[in-house]
Amino acid sequence: WDFMEKTLPYYRIDPYIFVHAGLEYDVPLENQDDNFLYWRKFFVPEPYAMDARVICGHTARKNGEIANFGHTICIDTYAYGGMWLTCLNVETKEFLKSNEMGEIEKGTL
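This one's a predicted model, so the numbers in the text were calculated from it and none came from an experiment. (Residues numbered from 1 in each chain as written. Predicted model: local features only at pLDDT ≥ 70, side-chain atom pairs only at ≥ 80, totals over all residues. Heavy atoms only, no water.)

For the rest of this paragraph, the subject is the packing of aromatic side chains. Under the counting rule described, the total for this entry stands at 2 aromatic pairs. Measuring from ring centre to ring centre gives 6.3 Å for Tyr16 and Phe18, while their planes differ by 35°; the resulting arrangement is tilted. Take Tyr16: its relative accessible area is 13%, and that puts it in the buried class. Seen in terms of ring centroids, Tyr78 and Tyr80 are 5.1 Å apart; in terms of plane orientation they differ by 80°. Their pairing is edge-to-face. (Phe/Tyr/Trp six-rings, centres within 6.5 Å; stacked < 30°, edge-to-face > 60°. Buried < 20%, exposed > 50% of the residue type's maximum accessible area, 1.4 Å probe, protein only.)

Given below as structure tokens:
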């Protein structure tokens, strides 16, 4: 619990910001509302900032596909709904998806 309580609700390694749900446009990270960070669902997100790329989840893509908006990449590929659990290497743009049946899908954005 100590680890969880000390963990930030986002992680930034320029130009990437990793967050559970999303970010409010043009609001400094330290002033973001918890609703945006953890719970806000979006279908077409606004860019957060010109110099940032947001990597997020929370808005399930029920077709099992990664949603790449350029400024934001959503990797929630509906694992809880029986589709894929996805990870993304942001440097190479390679992704790996796995499902409950043990199937694996690899690719590049």
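Okay, back to it.
Looking now at the environment of Glu5. Within the secondary structure layout, Glu5 lies in helix H1 (residues 2–6). A residue is classified by how much of its surface remains accessible, and Glu5, at 65% relative accessible area, is exposed. With 14 residues separating them along the chain, Glu5 and Val19 place their C-alpha atoms 16 Å apart. (Helix = DSSP H or I, 4+ residues; strand = E, 2+ residues; numbered from the N terminus.)

Okay, a nonpolar patch on the surface next. Together, Trp1, Phe3 and Met4 give the surface a local cluster of nonpolar side chains, amounting to about 510 Å² of exposed area. Turning to its location among the elements, Phe3 is positioned in helix H1. (Patch = residues over 30% accessible without salt bridge, like charges linked within 9 Å, V, L, I, M, F, W, Y side chains within 5 Å. Areas by Shrake-Rupley, 256 points an atom, 1.4 Å probe, with all protein chains shown as cover. Salt bridge = Lys/Arg side-chain N within 4 Å of Asp/Glu carboxyl O.)

Because side chains alternate across strand E7 (residues 94–98), one face comprises the buried residues Phe95 and Lys97, and the other comprises Glu94, Leu96 and Ser98, none of which is buried. Examined bridge by bridge, strand E6 (residues 85–88) and E7 share 4 bridges and lie antiparallel to one another. Each residue of the ladder has a partner; that of Leu88, found in E7, is Phe95. Following E6, the chain reverses through 5 residues before pairing antiparallel with E7; Lys93 in that reversal takes a positive phi of roughly 70°. Relative to strand E8 (residues 104–108), E7 runs antiparallel, the two sharing 5 bridges. (Pairing = 2+ DSSP bridges.)

Bringing the layout of surface pockets into the picture now. Each pocket or cavity is described by its volume, and for the largest pocket that value is around 230 Å³. Around the largest pocket, the lining comprises 17 residues; the ones closest to its centre are Leu23, Phe36, Phe42, Pro45 and Glu46. Looking at the lining of the largest pocket residue by residue, the class counts come to 11 nonpolar, 2 polar and 4 charged. (1 Å grid on protein atoms, 1.4 Å probe; cavity = no way out; pocket = protein on both sides within 12 Å on 5 of 7 lines; lining within 4 Å. Points joined across faces, edges and corners; volume = space filled by probe spheres on them. Nonpolar A, V, L, I, M, F, W, Y, C, P; charged D, E, K, R; others polar.)

The strand order across the open sheet formed by 3 strands is E6-E7-E8, and the pairing between neighbours is antiparallel. In this open sheet, the two strands that pair with only one neighbour each are E6 and E8. Neighbour to neighbour, the strand axes of the sheet diverge by 15° on average, direction disregarded. (Axes fitted to C-alpha atoms, helices over the stretch in contact; angles between N-to-C directions.)

By themselves, these are just geometric observations and shouldn't be taken as functional.
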